[in-house]
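Below, each chain spelled out in residue letters.
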Amino acid sequence: MSAKEHFGSRWGLVLATLGMAVGTGNIWRFPRIAAADGGGTFLVAWVVFLLLWSVPLMIVEFAFGKRARLGTVGAFVRLVGRKYAWMGAWVALCASAIMFYYSVVSGWCLRYLFGAVTGELPGAEPGALWESFGGSPAALVTHALALGLAVGVVWFGVRGIERVAKVLIPLLFVLVVVLAVRAVTLPGAEAGLSFLFTPDWKALADVHIWLDALTQNAWDTGAGWGLILTYAIYMKVREDVPLNAFLIGFGNNSMSLLAGIMVLSTVFAIQPDAQQQIVGAGNEGLTFIWMPQLFAHMPAGRLFMVFFFLALSFAALTSLISMVELATRVLMDAGFARHRAVVVVALGALVFGAPSALSMPFFRNQDWVWGVGLMLSGLLFAVGAAKFGVERLRREVVNGPGADLVIGRWWNFILLVLVPVEAVVLMVWWLWQARGWDPAGWLNPLSPESAGTVLAQWGVALVALLAANRWLARRSGAGAGEEES
Amino acid sequence: MSALAVVMMVVICGTIWGGFATLLARALMRERGKGGEGD
């Protein structure tokens, strides 16, 4: 086994992995999408895909990391074969590209936390801070600050990650529970709960709701990103895989549900007439423009606004830490010492994240391209597991030493049939949907949110990774002739 | 809130939060059963 570091306990692993899974997507995207897709109907589809996408892929990632004890590139080389180093490299590239702009998002959260603490928010003019801050040089400073905090944790290795997770994740849960209780006890909050939970059974036949629910699972659980694989490297030998995967999936979605209750109850209690406008304002619009206004009209609103941005900052930073660790681990497998790898990742993220900090169109382009790229990452995990042998992976690793649950053959079917179909349908749907946003520039690679820009950037990345496959396999840490496939 | 909304709230929250609590309890019991066994 090449990994020398280990989590000190199961709870260290579980809390760090929950920190990875719970991010801004749970707090700022889930409530918006649930509201836009009719509440109760969407929730049914969302629970279904937790079991048909997120948890099965989380099990694969835990199994790959535990078996290979290498980062994404090395794990694919060792378990799937030397010809498939590019697959692990794609997963690493996609997660790292997201890290570059996610650090910017984390910086925004820190800036708003500062604004809430100092009383600068909500300000006289709604959205004034966002107008002056988003895409400005100040966002570059907060990007560097957020990155510095995450890098500072990864510098101390797995024990550093574990120590931080053990503090921040319980605090995050407490903060979100407090905010949700405050929200549902506001006069008029019942309308928000009613909106969130009332189903429209006819809408279950609407394919868009199912695709949105699948997308939400793909984006906010962290399944198929390579991040769980990275943390699983540091599991103990007799550590459980399946129960931990279910625990993370249900824990993550528990947090989303709390966030949905908190946001929608607040919106309906305080601004019932503007609810359509608020939930339609996009992630940044809802969080950075509307939420401060809503808290301003709430008793003890400033305190709860601080809690909200503190929770958002904790969620963002614990996810950012896992992304920094993923890239660091790949470099460590290639022969870098941890501290040298951390410095390289920090400098790379600082430089490559800077355009997203300074330009909102660039940020949106990267969020679009690599967000959809995650669906390809999920597909590659399913393909990798199939090449290794899903039944073998289930028998030898998933249900292997330390397993606290027994996974049946249903998992093989989900992984071999459903996950690939879901990934392909999602990718095609998103690219096709982009036609509606910009019909004339749909295939234009220079249009920021087009199918053309996705295909162009993916194309360049895939050609480069395929061309470098042998070199990647040599530098993966798997060693010559060590693969198990 | 309508009766349907209340039923859905109980079903969805029960599934997600109840599922999480049950899994957490099971993991706690397994860890207690292992009694600090290392590797």
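Residues numbered from 1 in each chain as written. Chains lettered and ligands numbered in written order. Predicted model: local features only at pLDDT ≥ 70, side-chain atom pairs only at ≥ 80, totals over all residues. Heavy atoms only, no water.

**A short note on helix H4 (residues 72-79) of chain A**
Residue and element names in this part refer to chain A. Burial of H4 is extensive: eight of the eight residues sit out of reach of the surface. Buried residues in H4 make contact with helix H3 (40-68), helix H5 (85-118), helix H11 (227-232), helix H15 (301-333), helix H17 (360-388) and helix H21 (469-474). Just beyond H4, the residue with positive phi is Gly 81, at close to 135 degrees. (Buried < 20%, exposed > 50% of the residue type's maximum accessible area, 1.4 Å probe, protein only. Helix = DSSP H or I, 4+ residues; strand = E, 2+ residues; numbered from the N terminus. Contact = heavy atoms within 4.5 Å.)

**Let's talk about the nonpolar core**
Residue and element names in this part refer to chain A. In this structure, Phe 64, Trp 108, Phe 197 and Phe 309 are the most contacted members of the largest nonpolar core, which totals 210 residues. With 23 residues, the single largest contributor to this core is H5. Residues in contact with Phe 309, not counting those within four places in the same chain, are Cys 109, Tyr 112, Leu 113, Ala 116, Leu 121, Thr 287, Phe 288 and Pro 292. (Core = buried A, V, L, I, M, F, W, Y, C linked by side-chain atoms within 4.5 Å.)

**Topic: the interface of chain B and chain A**
Taken together, the 23 residues of chain B in the interface contact 34 residues of chain A. Surface buried jointly by chain B and chain A totals about 2500 Å² across both partners, of which 74% is contributed by carbon and sulfur atoms. On inspection of chain B and its partner chain A, the count reaches two salt bridges. Between B:Arg30 and A:Asp404 there is a salt bridge, with the nearest N and O atoms lying 3.0 Å from each other. The tally of links between chain B and chain A comes to five residue pairs in polar contact (both at pLDDT 80 or more). Partitioning the side of chain B that touches chain A into residue classes produces 14 nonpolar, three polar and six charged. (Buried area = accessible area lost by both parts, 1.4 Å probe. Salt bridge = Lys/Arg side-chain N within 4 Å of Asp/Glu carboxyl O. Polar contact = N/O pair within 3.5 Å; in protein donor to acceptor, adjacent residues only side chain to side chain. Nonpolar A, V, L, I, M, F, W, Y, C, P; charged D, E, K, R; others polar.)

**Focus on the pattern of salt bridges**
Residue and element names in this part refer to chain A. According to the stated counting rule, one finds 16 salt bridges over all chains in the structure shown. Arg 364 is the salt-bridge partner of Glu 284, the closest N and O atoms lying 3.2 Å from each other. Of this pair, Glu 284 sits in helix H14 (residues 282-296) while Arg 364 sits in helix H17; the two residues are 80 residues apart in sequence, bridging distant segments of the chain. Residue class for Glu 284 comes out buried when judged on its relative accessible area of 12%. Ionic pairing is found between Glu 391 and Arg 395, a salt bridge with its closest N-O pair at 3.8 Å. Of this pair, Glu 391 and Arg 395 both sit in helix H18 (residues 390-398), four residues apart, which is roughly one turn of that helix.

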